[in-house]
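Architecture and fold: a report
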Amino acid sequence: MASGVKPRVKVPKKAAAGDVITIKSLISHKMESGQRKDGSGNLIPRSIINRFTCDFNGQNVIDVTLEPAISTNPYFEFEAQVPEAGEFKFTWYDDDGDVYEETKSIAV
Amino acid sequence: MTVLPFRASAAAAEDVINEFTGGAAVADAGIDLTAPEIAENGNTVPVSVSAEGATSILLLATGNPTPGVATFNFGPLAGAQSASTRIRLAGTQDVVAIAKLADGSFARASKTVKVTIGGCGG
């Protein structure tokens, strides 16, 4: 378990049905690239978040595959349609097998 | 494990592109890639991609030790086929975005980013 991983998502509380809204997401994670060396010259093993998904009421909005070239604390901004009231579900998949989840509901 | 020399991955980037497109022809229009001309800190370079009607967008940094950056797959509820994120760049290089459009064709955009301090440690 990577320590200090905290997901944060910004979703408007309300929208009109059919609106397109902007979602901003950030998760604190060190995103160790597997390229760096420690003080004694050994490679620090890769430890990143390799996938991020966003779903609304079970339908997919975006599914991102991340490589080590994504910065520390991976940040994403994207747009989503809101056909009805419901819940956005955000999921981050860590290299070490951990899955971090966050949900945000939206009213119309 | 050896550390690849800088820019060793330009050919690797072509391989990744061919894998993504299946060797199909790639058009130059239909995709927007926004990145700064000069990035002082290669550790966190803001980029955004946008391609109307794309099903997925592949983002590559051709001068990084490994060229892959991210692949965005858009679902049925995507409001627009666009996304922004922050990436690491090892040095001055071209950032390339390739979109797979709904009709199966591909579009490509690239932009040169000058990097003052590289972002891959090493």
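Procedures and definitions
Residues numbered from 1 in each chain as written. Chains lettered and ligands numbered in written order. Predicted model: local features only at pLDDT ≥ 70, side-chain atom pairs only at ≥ 80, totals over all residues. Heavy atoms only, no water. UniProt positions renumbered as here; feature names shortened; annotations may be inferred. Helix = DSSP H or I, 4+ residues; strand = E, 2+ residues; numbered from the N terminus. Salt bridge = Lys/Arg side-chain N within 4 Å of Asp/Glu carboxyl O. Buried < 20%, exposed > 50% of the residue type's maximum accessible area, 1.4 Å probe, protein only. Contact = heavy atoms within 4.5 Å. Pairing = 2+ DSSP bridges. Buried area = accessible area lost by both parts, 1.4 Å probe. Polar contact = N/O pair within 3.5 Å; in protein donor to acceptor, adjacent residues only side chain to side chain. Core = buried A, V, L, I, M, F, W, Y, C linked by side-chain atoms within 4.5 Å.

Before going further, it helps to examine the UniProt feature "domain: Sulphur oxidation protein SoxZ" (unreviewed entry) in chain A. When the UniProt feature table is mapped onto this chain, "domain: Sulphur oxidation protein SoxZ" (unreviewed entry) is found at residues 10-103 of chain A. Helix and strand shares over residues 10-103 of chain A are 0% and 52% respectively, and the end C-alpha atoms of the span are 11 Å apart.

What follows deals with the pattern of salt bridges. All names here are of chain A. Tallied over the full model, the rule gives four salt bridges over all chains. A salt bridge links Glu32 to Arg36; the shortest N-O distance between them is 2.9 Å. Residue Glu32 is classed as buried on the basis of its relative accessible area, which comes to 7%.

With that settled, consider the environment of Pro36(B). All names here are of chain B. Relative to the helices and strands, Pro36 is located in the loop between strand 2 (32-34) and strand 3 (38-41). Remark: the alpha-carbon pair of Pro36 and Val113, spanning 77 residues in sequence, is separated by 6.4 Å. Once you skip the residues sitting within four places of it in the chain, Pro36 turns out to touch Val45, Pro46, Thr112 and Val113.

In this section: the pairing of strand 7 (residues 99-106) of chain A. Residues and elements named next belong to chain A. With eight bridges joining them, strand 6 (residues 86-94) and strand 7 adopt antiparallel strand pairing. Residue pairing across strands places Trp92 opposite Tyr100, the latter belonging to strand 7. Between strand 6 and strand 7, which pair antiparallel in sequence order, lie four residues; one of them, Gly97, sits at a positive phi of approximately 95°.

Time to look at the interface of chain A and chain B. Listed by partner, the interface residues are 32 residues for chain A and 31 residues for chain B. Carbon and sulfur atoms make up 52% of the area that chain A and chain B hide from each other, which totals about 2,500 Å². Contact with chain B buries area across many residues of chain A, yet Gln35(A), Ala69(A) and Ser71(A) alone supply 22% of it, more than any other trio. Counting across the chain A and chain B interface gives zero salt bridges. Between the two partners, chain A and chain B, sit 18 residue pairs in polar contact (both at pLDDT 80 or more). Secondary-structure elements contributing two or more residues to the side of chain A that touches chain B are strand 2 (19-28), strand 4 (59-66) and strand 5 (75-82) of chain A.

Core analysis: the largest hydrophobic core is formed by 57 residues, its most contacted members being Phe88(A) and Phe72(B). Ignoring any residue separated from it by four or fewer positions in sequence, one finds Phe72(B) in contact with Ile62(A), Asp63(A), Val64(A), Phe76(A), Val49(B), Thr55(B), Ser56(B), Ile57(B), Leu59(B), Ala83(B) and Thr85(B). Residues Leu58(B), Val96(B), Ile98(B) and Phe106(B) belong to the second largest nonpolar core, which totals six residues.

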